[in-house]
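A structural walkthrough
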Amino acid sequence: MTPMPDDRPDTATPAAARLVGTFGYRIEGDTASLNAEIHWSPAAADHDGWRLQLWARPLGGVAPSVLVAELALSVPLHSHGEPQHYAEGHVMAVPPAGSGQHEMTLRLVSTAADGRPLLHDEAAFGQPERFVQPRLEGASLRTGVGDGLALVVERVHNPRPADNFSGSLSLELWALAEPYRGGAFVGRCITSVRVAPLAGQTDSGPMVMPVPATAADRQRPWCLMLREWTAVGYVTRDHAALVPPLPARPPAAAAATSATPAARALPTMPLPTPMPAIVRAAPPRRAAVPPPGLGSRLMANLRQLLHRG
């Protein structure tokens, strides 16, 4: 079951059933318990596909409501004698992603002959709901060598009670067809990494993931999703929008591009006349003068050697 964004069904006129008396819900893990007192009119038998639905709408935002859970209903056969009946059941719950507060409403809908949903009644709960589920913190993109990218996630945290283990977790970076608003989505998974189940009040991280994005991926909105394995498959528990960086220009091309306008803008200037070099003459070297008496001593030594021979 994938959370469905609100497309606001048409209102049935007149309504064939209404919520009366008490109504409520309770969510424990992946299970939702829905209950309500319903007043059935005789016209209710002319409608099919009756459902009691629980919806969540973020407070203070423009995001649509998300279908959290729905309980199939049957019109009582003896509704003409006792129009008011109590309905209760346990179904799969898929809360919206994120940790913000939500306004909760209960809807009573049927299916028209052409397949369109018809809204017969709706009741709002006065207390906002904050869903406790795994979340990611500190996601950012880092540039590497050349045009390479890396995704850094500081940690993945499980805020549930200490004895409440998560399912297997998956961090997935998606290039989407449109910005993520909750529920189902369309796009391409650029990269992903599996995270082992986390006990409550524990976390995992930091983690670094390479991002092999294509040029087409960079033209789309990016969303990092933390998804948890449940009985209906992977369900998005938290998400963060990321802005894909534009590809960097090669340095040589960037230098040539920036130098060309500057060269064209500079006027032609005459080269300056070089200044004459100043040459300092070295002082004249003095001739070596032999010490006095050196020649007579050499001749005396020479005669002595010849006399001995």
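Structure: above.
The model shown is predicted, which means the values in this text are computed figures rather than measured ones. (Residues numbered from 1 in each chain as written. Predicted model: local features only at pLDDT ≥ 70, side-chain atom pairs only at ≥ 80, totals over all residues. Heavy atoms only, no water.)

1. So, the sheet that holds strand β13 (residues 187-195)
Note: strands within a sheet are paired through backbone hydrogen bonds, in either parallel or antiparallel orientation. The 4 strands are arranged β13-β12-β16-β17 in an open sheet whose pairing can be described as antiparallel. Two strands lie at the open edges of the sheet, namely β13 and β17 (233-242), each paired on one side alone. Sheet twist, expressed as the mean angle between neighbouring strand axes with direction ignored, is 25°. As paired elements, strand β16 (residues 222-230) and β17 share 9 bridges and run antiparallel to each other. From the neighbouring strand, W222 faces β17, where its bridge partner is L242. (Pairing = 2+ DSSP bridges. Helix = DSSP H or I, 4+ residues; strand = E, 2+ residues; numbered from the N terminus. Axes fitted to C-alpha atoms, helices over the stretch in contact; angles between N-to-C directions.)

2. Details of unusual backbone geometry
In this structure, the amide linkage connecting T13 to the following residue, P14, adopts the cis form with an omega of 0°. Summarising the element assignment, P14 is placed in the loop between β1 (10-11) and β2 (17-28). With an omega of -5°, the peptide bond running from G205 to P206 counts as cis. The backbone of Q201 shows a phi angle near 65°, a positive value even though the residue is not glycine. Residue placement: Q201 occurs in the loop between β13 and β14 (202-204).

3. So, the pattern of salt bridges
Going through the model one piece at a time under the given rule, you end up with 13 salt bridges. Here E137 ties to R155 by a salt bridge, and the two come within 2.6 Å at their closest N and O atoms. Residue E137 is found in strand β10 (residues 135-143), and its partner R155 is found in strand β11 (residues 149-158); the two are separated by 18 residues along the sequence. Linking D217 and R188 is a salt bridge whose minimum nitrogen-to-oxygen distance equals 2.4 Å. Of this pair, D217 sits in the loop between β15 (207-210) and β16 while R188 sits in strand β13, and the two are 29 residues apart along the sequence. Bridged by salt links that share partners, the residues D30, R160, E228 and R237 form one connected network. (Salt bridge = Lys/Arg side-chain N within 4 Å of Asp/Glu carboxyl O.)

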